[in-house]
Amino acid sequence: MIGELGRRSSAALLTHSALIQAVTFLVRPAATYRALELDVPGFALGLLAASYAVFPLLLAVPTGGLVDRLGERRLMAIGSAVVLACSAFLLLGGSSIVALVIGTALLGAGQLACVVGQQAVVANNAASSRMDSAFGYLTFAASLGQALGPMAISLVGGASVRPDTQAIFLLSVGMSLVLFVTTFVVSAEVSAGKRKAVAADGGKASALSLLKAPGVARALATSATVLAVVDLTMVYLPALGTDRGLTAATVGAMLTVRAVFSMVSRLLLGRISRRIGRMRLLVVSLAVSTVALAAAAIPMPAWLLFVVMAVLGLGLGIGQPLTMSWLSAQAPAGQRGRALALRLAGNRVGQVVLPSAIGIVAAGLGAAGVFLASAVVVGGTMALLRGVPLDG
């Protein structure tokens, strides 16, 4: 159970978290497959990929303000409706690259609203002592959804090289409808009495003033770094495997191991955090991730690299929910939705800037150099935690 929410409402929130990720990880690859069916040029695929991030970057902070003023469930309902409209639009009219770009951009906007609303529910309803555990369960559900989406493509596509995208979009419509309905099972009282501070200032607090709040900028930077390194691992582990003669199946299994151990770490997060303290656990997770990334750069047997990926999964899996709870604790009263939305915007920027910078720096060193450079970046992130009480 999450905070003041009942068991039924908590289950609905976790289901909503899993479903929005499942729909996202179903629709985005399907849009790419549809673009390939249309024989679009290579640059158009890049445009399609970028369109998903455009609205989250532009709308993140305003969306955070909306959740603080309107309430979490209302924003989740709006986001779910946008995702449903996107799925229906792609099913009925996704027959050109322009339509696919529009649909993907709408998906990004809807996903943003859903995720900000979900995180604000936790931030505004979980007791301080239970916040790490609550965010751990929320991110576990999201990870589960990210696994279920591609699995659905496998079931629909079968053994074909290019799956039936119309069937996939039809499935996404059904899942989006369930997503929308699930919103209304979340307690209608999740925001009761929690938006007085926003009403008092008319919602005029700026992103800049929020960044000046103690600890907020450091939490944002830590979160962006961890997420960017997760992306780098997914991109460069296949390249590392190729350099070392590992099969694609072996590399895929390693990525699965990393993901599974991230999910396990999130289930155990609350218990461990209460025992050793949130900030001390965050420092430990960053240190473990740094060591694992550096170790991956060293030539080793495949079985040992599996162990390294498991350790990396534990370290990186802890980082995201802990930065959510840290940021929620640091944000001023009534501005938690805005702070969490700002975190999502920072994550998007980090996913663009850090991989590009590390890729340039490590260009001459190959995939192993990227892992080594990532270790340096994550290790450097621990400097952001200097002066923060480790028992917080």
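See above for the structure.
Treat the numbers as computed from the prediction; the structure is a model and nothing was measured.

Draft legend 1. Layout of the overall build of the protein chain. When its secondary structure is counted, the protein chain shows 15 helices and zero strands. Each of the 392 residues in the protein chain was classed as buried or not, and the buried ones make up 51%. Of all intrachain contacts in the protein chain linking residues separated by at least 6 positions in sequence, the fraction that spans at least 24 positions is 84%.

Draft legend 2. Representation of the packing of aromatic side chains in the model. Under the counting rule described, the total for this entry stands at one aromatic pair. One Lys or Arg, Arg 28, reaches over the ring of Tyr 52 and ends 4.0 Å from the middle of that ring.

Draft legend 3. The pattern of salt bridges, seen in detail. Applying the stated criterion across every chain yields a total of two salt bridges. Glu 37 is the salt-bridge partner of Arg 34, the closest N and O atoms lying 3.4 Å from each other. Taken together, the residues Arg 34 and Glu 37, both in helix 1 (residues 7–37) and three residues apart, mark about one turn of the helix. Since its relative accessible area comes to 8%, Arg 34 is described here as buried. Among the ionic pairs, Arg 278 bridges to Asp 132, the shortest N-O distance being 2.8 Å. Of this pair, Arg 278 sits in helix 12 (residues 278–296) while Asp 132 sits in helix 5 (residues 131–157), and the two are 146 residues apart along the sequence. Taking relative accessible area as the criterion, Arg 278 reaches 9% and is therefore assigned buried.

Draft legend 4. Representation of a nonpolar patch on the surface within the structure. Among the surface-exposed residues, Val 54, Phe 55, Leu 57, Leu 58, Leu 59, Val 349, Val 352 and Val 353 lie close enough to one another that they form a single nonpolar patch of about 660 Å² accessible area. At the level of secondary structure, the elements contributing two or more residues to the nonpolar patch comprise helix 2 (42–70) and helix 14 (336–361). Tallying contributions element by element places helix 2 first for the nonpolar patch, with five residues. Looking at the element boundaries, Val 352 is found in helix 14. Overall, Val 352 belongs to the exposed group, its relative accessible area being 53%.

What counts, and where the lines are drawn
- Residues numbered from 1 in each chain as written.
- Predicted model: local features only at pLDDT ≥ 70, side-chain atom pairs only at ≥ 80, totals over all residues.
- Heavy atoms only, no water.
- Helix = DSSP H or I, 4+ residues; strand = E, 2+ residues; numbered from the N terminus.
- Buried < 20%, exposed > 50% of the residue type's maximum accessible area, 1.4 Å probe, protein only.
- Contact = heavy atoms within 4.5 Å.
- Phe/Tyr/Trp six-rings, centres within 6.5 Å; stacked < 30°, edge-to-face > 60°.
- Lys NZ or Arg CZ within 6 Å of the ring centre and 35° of its normal.
- Salt bridge = Lys/Arg side-chain N within 4 Å of Asp/Glu carboxyl O.
- Patch = residues over 30% accessible without salt bridge, like charges linked within 9 Å, V, L, I, M, F, W, Y side chains within 5 Å.
- Areas by Shrake-Rupley, 256 points an atom, 1.4 Å probe, with all protein chains shown as cover.

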